[in-house]
Amino acid sequence: MRLSLALPLTTGLFLLAVLAHLGFFDLERLARGMRNLGILGSEMLPPDVGILPTVGAALWETVEMSFAGTLLGFLASLPLSILSTRRLFSSWISGIARFIAAGIRTIPVLLWAIIFVILVGLGPLAGTLGIAAYTVGYLAKIYADLFEGTDPEIMEAVRSTGASKLQLVRFVILPEAANAVLAQVLFMLEYNIRASSVLGFVGAGGLGFVIQIYLQSLDYQRLATILLLVLVIVLVMDGISAWLRKHFLLSAQAS
Amino acid sequence: MTPTGDGTPAVQADRVWFAYRNRDWVLRDVSLSVPAGKHTVIMGPSGTGKTTLLRVLGAILKPADGRVSVFGETVHELDPRRLSALVGYVPQQLGLVRNLSALDNVLMGSLGRIGDAKAMLALFPREELGRAEAALEMMGIAYKRSEPVFRLSGGERQRVAIARTLLQHPRIVIADEFASDLDLALASEILTRIRRAAEKENITFIMSMHRIGLARQFGDNVLALKHGEMVPGFIGNEILETPRAEETL
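This one's a predicted model, so the numbers in the text were calculated from it and none came from an experiment.

**Thoughts on the overall build of chain B**
Assigned secondary structure in chain B consists of ten helices and ten strands. Against the 2.2 N^0.38 benchmark of 18 Å for 249 residues, chain B shows a C-alpha radius of gyration of 18 Å, consistent with a compact globule. For chain B, the spread of C-alpha atoms along the three principal axes comes to 50 × 40 × 40 Å. Counting over 249 residues, chain B shows a buried share of 45%. Within chain B, contacts between residues separated by at least 24 positions form 74% of all contacts whose residues are at least 6 apart in sequence.

**Re the overall build of chain A**
In terms of regular secondary structure, chain A is built from ten helices and zero strands. Ordering the α and β elements of chain A from the N terminus gives α-α-α-α-α-α-α-α-α-α. Scaling as 2.2 N^0.38, a compact globule of 255 residues should have a C-alpha radius of gyration of about 18 Å, whereas chain A reaches 23 Å, well beyond that. Expressed along its principal axes, the backbone C-alpha trace of chain A runs to roughly 70 × 55 × 40 Å. Among the 255 residues that make up chain A, the fraction classed as buried is 36%. In chain A, the proportion of contacts linking residues at least 24 apart, taken out of those at least 6 apart, comes to 71%.

**What about the sheet that holds strand β3 (residues 40–43) of chain B?**
Residue and element names in this part refer to chain B. The strand order across the open sheet formed by six strands is β6-β7-β8-β3-β9-β10, and the pairing between neighbours is mixed. The open sheet terminates on both sides in strands that have one partner only, identified here as β6 (87–90) and β10 (229–230). Two strands pair when backbone bridges link them, and β3 and strand β9 (residues 221–226) are joined in this way by four bridges, in the parallel orientation. When the bridges of β9 are listed, M43 appears paired with A224. Relative to the sheet, helix α1 (residues 50–57) contacts β3, β7 (172–175), β8 (204–208) and β9, its axis offset from that of β8 by approximately 155°.

**A short note on the nonpolar core**
By size, the foremost hydrophobic cluster in this structure holds 135 residues, and its most contacted members are V106(B), A163(B), I172(B) and I206(B). Here this core gets 13 residues from one element, more than from any other, and that element is helix α6 (residues 124–148) of chain A. When near neighbours in sequence (up to four residues on either side) are disregarded, I206(B) contacts V11(B), V34(B), T40(B), I42(B), L54(B), L57(B), I172(B) and I174(B).

**What to know about helix α5 (residues 126–138) of chain B**
Residue and element names in this part refer to chain B. Helix length check: α5, at 13 residues, gives a terminal C-alpha distance of 18 Å against a target of 18 Å (1.5 Å per residue), a fit within 8%. All buried positions along α5 are accounted for by R131, A132, A135 and L136. The arc that holds every buried residue of α5, seen down its axis, measures 140°, which confines them to one face. Set apart from the buried face of α5 by more than 90 degrees, the exposed residues are R126, E127 and G130. Structurally, α5 contributes buried residues whose contacts are with α3 (102–107) and α6 (154–167). Remark: G140 follows α5 within two positions and exhibits a positive phi of approximately 70°.

**Brief notes about helix α2 (residues 27–44) of chain A**
Over its 18 residues, α2(A) runs 26 Å from end to end, which matches the ideal 26 Å to within 8%, given 1.5 Å per residue. Burial analysis of α2(A) places just zero of its 18 residues in the buried class, a small minority of the element.

**Describing the interface of chain A and chain B**
Contact residues are listed per partner, giving 21 residues for chain A and 25 residues for chain B. Of all the elements in the fold, those that place two or more residues in the side of chain A that touches chain B are α7 (152–159) and α8 (165–196) of chain A. It is α8(A) that provides the largest number of residues to the side of chain A that touches chain B, a total of eight residues. Among the residues forming the side of chain A that touches chain B, the class breakdown is twelve nonpolar, five polar and four charged.

**A closer look at the pairing of strand β1 (residues 11–19) of chain B**
Residue and element names in this part refer to chain B. With six bridges connecting them, β1 and strand β2 (residues 25–34) associate as antiparallel partners. For Q12, the partnering residue across the bridge sits in β2 and is S33. Relative to strand β4 (residues 65–70), β1 runs antiparallel, the two being bridged by five bridges. Residue D14 lies in a different strand from β4, and its bridge partner there is R67.

**Digging into the sheet that holds β2(B)**
Spatial strand order, β2-β1-β4-β5 (chain B): four strands in an open sheet with antiparallel pairing. Since the sheet does not close on itself, it has two edges, and those belong to β2 and β5 (73–74) of chain B, each with one partner.

**Focus on the confidence of the model for chain B**
All names here are of chain B. Summing up the model confidence of chain B, the mean pLDDT is 83 and the portion of residues at 70 or higher is 91%. Mean pLDDT per element in chain B: helix α10 (residues 244–248) is the minimum at 44, and α3 is the maximum at 92. For the stretch residues 237–249, pLDDT sits under 50, and the model shows 19 contacts to residues farther than four places along the chain or on other chains. Two summary scores accompany this predicted model of the complex, namely pTM at 0.78 and ipTM at 0.84.

**Digging into unusual backbone geometry**
All names here are of chain B. Phi at A59 is positive, roughly 65°, even though this residue is not glycine. Along the polypeptide, A59 turns up in the loop between α1 and β4. Taking the C-beta count within 10 Å as the criterion, A59 has 23 such neighbours and is therefore assigned buried. The backbone of H169 shows a phi angle near 55°, a positive value even though the residue is not glycine. Looking at where H169 falls in the secondary structure, it is placed in the loop between α6 and β7.

**Here we look at the packing of helix α3 (residues 52–83) of chain A against α6(A)**
Residues and elements named next belong to chain A. Closest axis-to-axis distance for the α3/α6 pair is 6 Å, and the angle between their directions is 40°. The way α3 lies across α6 gives a crossing that is right-handed. When its residues are assigned to classes, the contact of α3 with α6 shows 17 nonpolar, nine polar and two charged.

Conventions and cut-offs
- Residues numbered from 1 in each chain as written.
- Chains lettered and ligands numbered in written order.
- Predicted model: local features only at pLDDT ≥ 70, side-chain atom pairs only at ≥ 80, totals over all residues.
- Helix = DSSP H or I, 4+ residues; strand = E, 2+ residues; numbered from the N terminus.
- Rg over C-alpha atoms; globule rule 2.2 N^0.38 Å.
- Buried ≥ 20, exposed ≤ 12 C-beta atoms within 10 Å, placed from the backbone.
- Contact = placed C-beta atoms within 7 Å.
- Pairing = 2+ DSSP bridges.
- Axes fitted to C-alpha atoms, helices over the stretch in contact; angles between N-to-C directions.
- Core = buried A, V, L, I, M, F, W, Y, C linked by C-beta atoms within 7 Å.
- Expected span 1.5 Å × (residues − 1).
- Arc of directions from axis to C-beta.
- Nonpolar A, V, L, I, M, F, W, Y, C, P; charged D, E, K, R; others polar.
- pLDDT = per-residue confidence, 0-100.
- Left-handed = near helix turned anticlockwise from the far one by under 90°.

And the structure:
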């Protein structure tokens, strides 16, 4: 088939063209980059673990922010995604709800953090709200698509018992989507932990503030410690979410 | 109102036309009358419009032309709760919620009588719980009440689906290709239980089937649909006795 060759070929050429435009084939520059990487690496070692007691509080703040922000965003995304479900509401209502979710999603999380710093002042509250806002935009879209995929036969069968819209949500849409709903919240939590470590750059609390200080003072050994800490948290989160998946996701493989 | 006894048919279709796409008729001028208290089986080859006909009779689809009435009331003018008290519908794939238990699925049959606030908290009245248990008992599946549906076998799911519809207390139950993918002995046992339940609750059953043996066992009244039209003269059980019946379909 012609198509099977044409598509990868065009994609490959496109990628090469874009990379060239971005300076990827500037060999002299790349070599300099490699040298710098070596210098940076050597300046980071060994990590300075003496700062652990000092950054402990900032670390904990980051974890708090991402948990609270994810949960807040999740709760707010549920009504928005239900209103976005075309199978339940008129195209008018679902259209408006989808528009709101798309609008929220357009703004990156760092920008949300800046907005909330302006609104509620410096500190972790701004970070938490920023994370929550970004989470709403993302989950509302994912959940709306998920809810729309509910098996129409189940909807019909339960609707014919005289169930109201709210009852359909409670007894059909949410239980049918439960696995994916949980999986997406866990994904979002992992994502937010990483994202929240940079929110301190704009004064929204957490590790980011410390990272910024060490970056500006070229204190790479201390920076390395922080990066390792973030890695540890992400690994711990991975472990927790794997455990949650194993114990709470239903293994519904049946048809 | 006592719908049975005064001769009003349980379901009546008058010159019903239906198309999913413009003028591509799936049902053409279908008229039929289902007597109350009897069990009617609709037969016909696959792709002939049986599912569509049942969905029109159950007011899930609105006919392009013609009228469907249950006990004299036009179905498409009824509000959903009134309709749910008259007609229960069991789709071909049963429409059970896989992650919920058998009992929870059966309890959904009572949603038409329960307010939103109570339903949100899953606070079903004690008498509804009792009825749900009784319906599971009647279908012989009470011992699996707490199992999630995804762990049940095909036959067990059929029983749960019927139990849910029984809890709805409808006057008529419409079931699409019911028990069609079960082996004959199991299908026959479930259909016997359904007949018993139907007699006790005074329910009129309408089912589509493609197996003549089961149709003969279950149906008091057998109708045939072919290419979206009723097969004239095919209105009695006795026709099934003749070998030609199988050729007709």
